[in-house]
Amino acid sequence: MPEGHILHRLARLHQRRFGGAPVAVSSPQGRFEAGAAAIDGRVLTGAEAWGKHLFHHYAGGPIVRVHLGIYGHFTEFHLSDGGIPDPVGQVRMRMIGVDYGTDLRGPAACEVVDEAFAADVIARLGPDPLRGDADPALAFKRIGKSRRTIGALLMDQSVLAGVGNVYRSEVLFRHRIDPFRPGTAIGEAEFNAVWTDLVALMKVGLRRGNIVVVRPEDDHGAPAYAPGKPRTYVYRRAGDPCRLCGNTVRTAELEARNVFWCPSCQS
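Residues numbered from 1 in each chain as written. Predicted model: local features only at pLDDT ≥ 70, side-chain atom pairs only at ≥ 80, totals over all residues. Heavy atoms only, no water.

Quick look at the packing of aromatic side chains
Keep this limit in mind: We call Phe, Tyr and Trp rings a pair once their centres come within 6.5 Å, taking the six-membered ring for Trp, and we label the pair stacked below 30 degrees between planes, edge-to-face above 60, and tilted otherwise. Comment: elements are numbered from the N terminus, with helices defined as DSSP H or I runs of at least four residues and strands as E runs of at least two. Only protein chains enter the accessibility calculation, which uses a 1.4 Å probe; a residue whose area is less than 20% of its type maximum is buried, one above 50% is exposed, and one in between is partly exposed. Lysine and arginine charges are scored as sitting over a ring when NZ or CZ, respectively, is within 6 Å of the ring centre and within 35 degrees of the ring normal.
One pass over the structure, following the stated rule, counts six aromatic pairs. Ring plane angle 80 degrees and centroid distance 5.4 Å describe the contact between Y225 and Y235, whose orientation is recorded as edge-to-face. Of this pair, Y225 sits in the loop between α7 (188-208) and β9 (250-254) while Y235 sits in the loop between α7 and β9; the two residues are ten residues apart in sequence, bridging distant segments of the chain. Judged by its relative accessible area of 22%, Y225 falls in the partly exposed class. Relative accessible area serves as the criterion here: at 12%, Y235 is assigned to the buried category. Linked through ring pairs, F140, F191 and W195 together constitute an aromatic cluster. A cation sits over an aromatic face here: R17 above Y100, 3.9 Å from the ring centre. Positioned above the aromatic ring of W50 is the side chain of R131, whose terminal nitrogen or guanidinium carbon lies 3.5 Å from the ring centre.

As structure tokens, this is what we get:
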């Protein structure tokens, strides 16, 4: 599932390419046909991300909420490259602007909502490290009162919005925190250091489009867990030696998601 920096990159891209002008919206697949008809031809006034939710705001009030889920993705195309291409595959939503177009396939959610609905979605989210208006104290308040593991809490979108499995596993390693430690055992200074690191790491991801979590001094040539994937300390490296201590990286299921950690560095 895409992590939060991907949604923020999409919001910036769509604002730059489609914002301030009428957008032709359709649903070649048909599953978003009524929603597309409600916004077709309207001006896209803004695009923004909250955690893993993307919101397109249109003139007159309608808002399109997109949650990519596991399989959702946008494919961009330039209209100068031979005009408007025929849809390929199950295109839930197609947007055509002045110079660019984009196709959305496979999202968990793509729906037209109003301001009240969008506000309710946002109210249920924890602070987003990539938003300037985020208040990390709200996240620590929830974490400090919970007996759930910190590994689970970091993935709970009502606690922190936008953090996914890669950032979860990696930031806990970087701060030598056992993912199975309860939230009540996380100190405020410790959490603030994790939050500051998440902000910095996710800003790099936003800027570069790639997750970068391994410090240069710790990168001793061990390959990424798969071609084209980020180099990580522990994520998807179960059974491999830890980049720092050489002990075997472990994995286990934690609230239906696999978490990765080094039992020596994070004891």
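Picking up after the structure, the text goes on.
Some remarks on helix α1 (residues 4-18)
The criterion, for reference: Expected span of a helix, by definition, is 1.5 Å for each gap between consecutive residues, and there is one gap fewer than residues.
Along its 15 residues, α1 runs 21 Å from first to last C-alpha, staying within 8% of the 21 Å computed at 1.5 Å per residue. In the stretch just after α1, G20 is the one whose phi turns positive, near 80 degrees.

Thoughts on the nonpolar core
The line we're drawing: Take the buried Ala, Val, Leu, Ile, Met, Phe, Trp, Tyr and Cys residues and link them wherever side-chain atoms come within 4.5 Å; each set so joined is a nonpolar core. In what follows, residue pairs with any heavy atoms lying within 4.5 Å of each other are defined as contacts.
If you look at the biggest cluster of nonpolar residues, it comprises 36 residues, and the most contacted ones within it are I150, L160 and Y167. Breaking this core down by element, the ones donating at least two residues are α4 (136-144), α5 (150-153), α6 (165-174) and α7. Excluding anything up to four places from it in sequence, I150 contacts I143, L172, I177, D178, P179, R181, P182, G183 and I186. By size, the runner-up hydrophobic cluster in this structure holds 22 residues, among which are F32, A36, M95 and L104.

Observations regarding the environment of C245
For C245, the position within the fold is in the loop between α7 and β9. Given the relative accessible area of 39%, C245 is considered partly exposed. Residues C245 and C265, 20 residues apart in the sequence, show an inter-C-alpha distance of 7.2 Å. Discounting chain neighbours no more than four positions away, the residues touching C245 are C262, S264 and C265.

Section: a nonpolar patch on the surface
Basically, it comes down to this: Surface patches are defined over residues having more than 30% relative accessible area and no salt bridge, joining like charges when they lie within 9 Å and nonpolar side chains (Val, Leu, Ile, Met, Phe, Trp, Tyr) when within 5 Å. The method behind every accessible area is Shrake-Rupley, applied with a 1.4 Å probe, and residues are considered shielded solely by the protein chains displayed. One speaks of a salt bridge when a side-chain nitrogen belonging to Lys or Arg is within 4 Å of a carboxyl oxygen belonging to Asp or Glu.
On the surface, a cluster of nonpolar side chains totalling about 380 Å² of accessible area is made up of M1, I70 and Y71. Among the secondary structure elements, I70 is positioned in the loop between β4 (63-67) and β5 (73-78). A relative accessible area of 57% places I70 in the exposed class.

Examining the side chain of H57
Stated precisely, the cut-off is as follows: Here a polar contact is recorded for every N or O atom pair within 3.5 Å, except that within protein the pair must consist of a potential hydrogen donor and a potential acceptor, and residues adjacent in sequence are included only if both atoms are side-chain atoms.
As for its placement among the helices and strands, H57 is situated in strand β3 (residues 53-58). Classification of H57 by relative accessible area gives buried; the value is 17%. Side chain to side chain, H57 and E48 meet in a polar contact 3.0 Å long. Not counting chain neighbours up to four residues away, the residues in contact with H57 comprise V43, L44, T45, G46, E48, P62, I63 and E115.

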